[in-house]
Amino acid sequence: MTSPVRLALLGCGTVGSDVVRLLHEQSADLAARIGAPLEIAGIAVRRIGRDRGDLPVDPALFTTDPLGLIKRDDVDVVIEVVGGIEPARTWLVEALRAGKSVVTANKALLAEDGATLHDAAAEGGADLYYEASVAGAIPLLRPLRESLHGDRINRVTGIVNGTTNFILSAMDATGAGFAEALEEATELGYAEADPTADVEGFDAAAKAAILASLAFHTRVTAADVHREGITEVTAADVASAKAMGCTIKLLCIAARGADAAGRETVSVRVHPAMIPLTHPLAGVGDAFNAVFVEAEAAGQLMFYGRGAGGAPTASAVLGDVVAVARNRLAGVHAASESAYADLPVRPMGEALTRYHISLDVADRPGVLEAVAGVFARHEVSIATVRQGPAGAGPDAELVIVTHVAPDAALAATVHELRGLDIVRSVTSVLRVEGGA
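Along each chain, numbering runs from 1 in the same order as the chain's sequence is written. With pLDDT at 70 or above as the cut-off, local features in this predicted model cover only qualifying residues; side-chain atom pairs require 80 or more to be listed or tallied, and sums for whole chains, interfaces and linings still use all residues. Side-chain metrics in this entry use all non-hydrogen atoms of the structure; hydrogen atoms and water are not considered.

Take the packing of aromatic side chains next. Two rings from Phe, Tyr or Trp (for Trp, the six-membered ring) form a pair when their centres sit within 6.5 Å of each other. Planes less than 30 degrees apart are called stacked, planes more than 60 degrees apart edge-to-face, and all others tilted. Under the defined criterion, the tally for this structure stands at 2 aromatic pairs. Their ring planes at 5° and their centres at 5.3 Å tell us that Phe 288 and Tyr 304 sit as a pair that is stacked. Note that Phe 288 is positioned in strand S11 (residues 288-295) and Tyr 304 in strand S12 (residues 299-306), a separation of 16 residues in sequence. Whether a residue is buried, partly exposed or exposed follows from its accessible area with a 1.4 Å probe, protein chains only, as a fraction of its type maximum: under 20%, in between, or over 50%, in that order. Take Phe 288: its relative accessible area is 18%, and that puts it in the buried class. Numbering of helices and strands runs from the N terminus; a helix is a DSSP stretch of H or I covering at least four residues, while a strand is a stretch of E covering at least two.

A few words now on the side chain of Ser 358. Positionally, Ser 358 belongs in strand S13 (residues 352-362). A relative accessible area of 5% places Ser 358 in the buried class. With residues near it in sequence (within four places) discarded, Ser 358 still touches Glu 397, Leu 398, Val 399, Ser 425, Val 426, Thr 427 and Ser 428. When checking whether two residues touch, look at their non-hydrogen atoms; a contact exists if any pair is within 4.5 Å.

Moving on to the packing of helix H4 (residues 88-97) against helix H5 (residues 107-124). At their nearest, the axes of H4 and H5 sit 8 Å apart, and the two run at 20° to each other. Relative to H5, H4 is oriented roughly parallel. Between H4 and H5 lies a crossing of right-handed hand. For the pair H4 and H5, the contacting residues are Ala 88, Arg 89, Leu 92, Val 93, Leu 96 and Arg 97 in the first and Leu 109, Glu 112, Asp 113, Thr 116, Leu 117, Ala 120, Ala 121, Glu 123 and Gly 124 in the second. Axis definition: a line fitted to C-alpha atoms, limited for helices to the stretch in contact. Angles are taken between N-to-C directions and run from 0 to 180 degrees. Here is the rule for angles: anything less than 35 degrees is roughly parallel, anything more than 145 is roughly antiparallel, 65 through 115 is roughly perpendicular, and the remaining ranges are oblique. Crossing handedness is read from the near helix: turned anticlockwise from the far helix by less than a right angle, it gives a left-handed crossing, and turned clockwise, a right-handed one.

What follows covers the sheet that holds strand S5 (residues 101-104). Backbone hydrogen bonds are what pair the strands of a sheet, in a parallel or an antiparallel way. If DSSP finds at least two bridges between two strands, the strands pair. Read across the sheet, 6 strands follow the order S3-S2-S1-S4-S5-S6 without closing on themselves; strand pairing throughout is parallel. Whereas interior strands pair on both sides, the edge strands pair on one side only; in this sheet they are strand S3 (62-63) and strand S6 (128-129). In the sheet, strand S1 (residues 5-10) pairs with strand S4 (residues 77-80) via 4 bridges, with the strands oriented parallel. Bridging across to S4, Ala 8 finds its partner in Val 78.

A few words now on the pairing of strand S17 (residues 423-432). Pairing geometry for strand S10 (residues 264-276) and S17, over 2 bridges, is parallel. In the sheet register, Met 274 faces S17, and the bridge partner there is Val 432. Note that S13 and S17 share 8 bridges and pair antiparallel. Counted as the bridge partner of Tyr 355 is Arg 431 from S17.

This brings us to the packing of helix H14 (residues 367-377) against helix H15 (residues 407-418). At a minimum axis distance of 9 Å, the contact between H14 and H15 shows a crossing angle of 145°. Here the hand of the crossing between H14 and H15 comes out right-handed. Facing Val 371, Val 374, Phe 375 and Arg 377 of H14, the residues of H15 in contact are Thr 413, Glu 416 and Leu 417. Ten residues, namely Ala, Val, Leu, Ile, Met, Phe, Trp, Tyr, Cys and Pro, are considered nonpolar, four, namely Asp, Glu, Lys and Arg, are considered charged, and the remaining ones, Gly among them, are considered polar. Residue composition of the contact of H14 with H15, grouped by class: 4 nonpolar, 1 polar and 2 charged.

A separate point is the nonpolar core. For soluble globular proteins, the rule of thumb is that nonpolar side chains tend to be buried together. One finds Val 78, Leu 140, Ile 153, Ile 167 and Leu 211 to be the most contacted residues of the largest nonpolar core, which totals 79 residues. By residue number, the principal contributor to this core is helix H11 (residues 202-216), which donates 11 residues. Contact partners of Ile 167, with chain neighbours within four places excluded, come to Phe 178, Ala 181, Leu 182, Ala 185, Val 199 and Ile 230. Ranked by size, the runner-up nonpolar core spans 36 residues in total, among them Val 19, Leu 22, Leu 23 and Ile 79. By convention a nonpolar core is built from buried Ala, Val, Leu, Ile, Met, Phe, Trp, Tyr and Cys residues, the set being connected through side-chain atoms within 4.5 Å.

The set of residues buried in H14 consists of Val 367, Val 371, Val 374 and Phe 375. Viewed along the axis of H14, the buried residues span an arc of 100°, placing them on a single side of the element. Those residues of H14 that are exposed and angled more than 90 degrees off the buried face are Glu 369, Ala 376 and Arg 377. At the exit of H14 stands Glu 379, carrying a positive phi of roughly 60°. The arc in question is the one traced by the directions running from the helix axis out to the C-beta atoms.

Disulfide: a pair of cysteine sulfur atoms within 2.5 Å of each other. Within the structure shown, the criterion is met by 0 disulfides. Note on Cys 252: no disulfide assigned, nearest cysteine sulfur contributed by Cys 246 at a separation of 19 Å. The exposure class assigned to Cys 252 is buried, which follows from its relative accessible area of 3%.

In this structure, Pro 87 follows Glu 86 across a cis peptide bond, with omega equal to 10°. Examined against the element boundaries, Pro 87 turns out to sit in the loop between S4 and H4. Positioned with a positive phi, His 217 is a non-glycine residue whose angle comes to about 50°. Considering the arrangement of structural elements, one finds His 217 in the loop between H11 and strand S8 (226-227). The phi torsion at Glu 379 lies on the positive side, around 60°, for a residue other than glycine. Considering the arrangement of structural elements, one finds Glu 379 in the loop between H14 and strand S14 (382-389). Since its relative accessible area comes to 73%, Glu 379 is described here as exposed.

A word on the pattern of salt bridges. Any Lys or Arg side-chain nitrogen located within 4 Å of an Asp or Glu carboxyl oxygen qualifies as a salt bridge. Following the criterion strictly, the structure yields 24 salt bridges and no others. Between Asp 407 and Arg 431 there is a salt bridge; the shortest N-O distance is 2.9 Å. Of this pair, Asp 407 sits in helix H15 while Arg 431 sits in strand S17; the two residues are 24 residues apart in sequence, bridging distant segments of the chain. Overall, Arg 431 belongs to the buried group, its relative accessible area being 8%.

What follows is the structure, given as structure tokens:
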């Protein structure tokens, strides 16, 4: 075998520790696959003295100087599992410009400023791999970047956040409200102490930006993604979805489309939505992830598995390490970023979608006609109407599902409905996807 490929590991938390363990446990197999052994040159951490249990690594490898570690001549590949924007961006740009390949799980950085990393990789002639950034152990990004490179992808729909999927699955199974399901998720370790990034959709939005960039050969950032979380989803919403033969999921949706002038665009959004139980994503429960890809030649493809956790994420990291190490030994590097299409991102108001709207209205003649008139004024076609008692008092409930319309027209319809005297309240508004 040739000389070892030397690795600098930035971060040794949950994922970093599992990377170290897998490197140790699978060292012989990894060396055989690559054609050279992998060796850890150093591990950058915040505190050297922290108890890391029985981690199989020489304590002398730990350092609190990540830049110094990256700049060492004996480092070939940099693995970053720290997260955040800075100082991770500075570290990775330094490595890439110096010709050192990078493997990262940093979805936030890739979604905010992936262009800088790709430009630095091109400048240094280095590889930039990030399979672990979107869906943990699920092989997803490389199929989009390589296997489907000869096809045209039209739409990507995914459940890419395990915490929110667990919460919504629990609400569906037990009838619990959001707060109760979140408490359960926290107790079981599925939700962080501060779950904001998950339940407000920030995590999923970053992943949606990465998926859209790869699928549509266009630089998409997290700022381009319309984002809504699940905190407003109620037990009543879940019950209403069940009555329609649907379930509620937090979806990331990236799709090709066209603007009013017929120019090709892309739409990228994250929000809770009702989907029919017949949809492939409807049965994805617990904290699992799944992504549904629709391509012109390949047709419909489904990627499913564990989207988070130390060991699954470390598995994806090591898959990338094997790829970049083999490239290094062969004296080549992977194809650079493909952003040739440079499609404009369509505003959310122009996205075509459907709404499920629940109204608490006065129970008297003419109400349905007045409500229908609002939809007509905004050129929104009604698909179904269900009426029932709202409970005690002289009110009734209207549940309306629309046909496909621009989101701006649907939002304007809801806004006008809120101002009608006959509408006591708009109790729920959810989008409907997948032909429900």
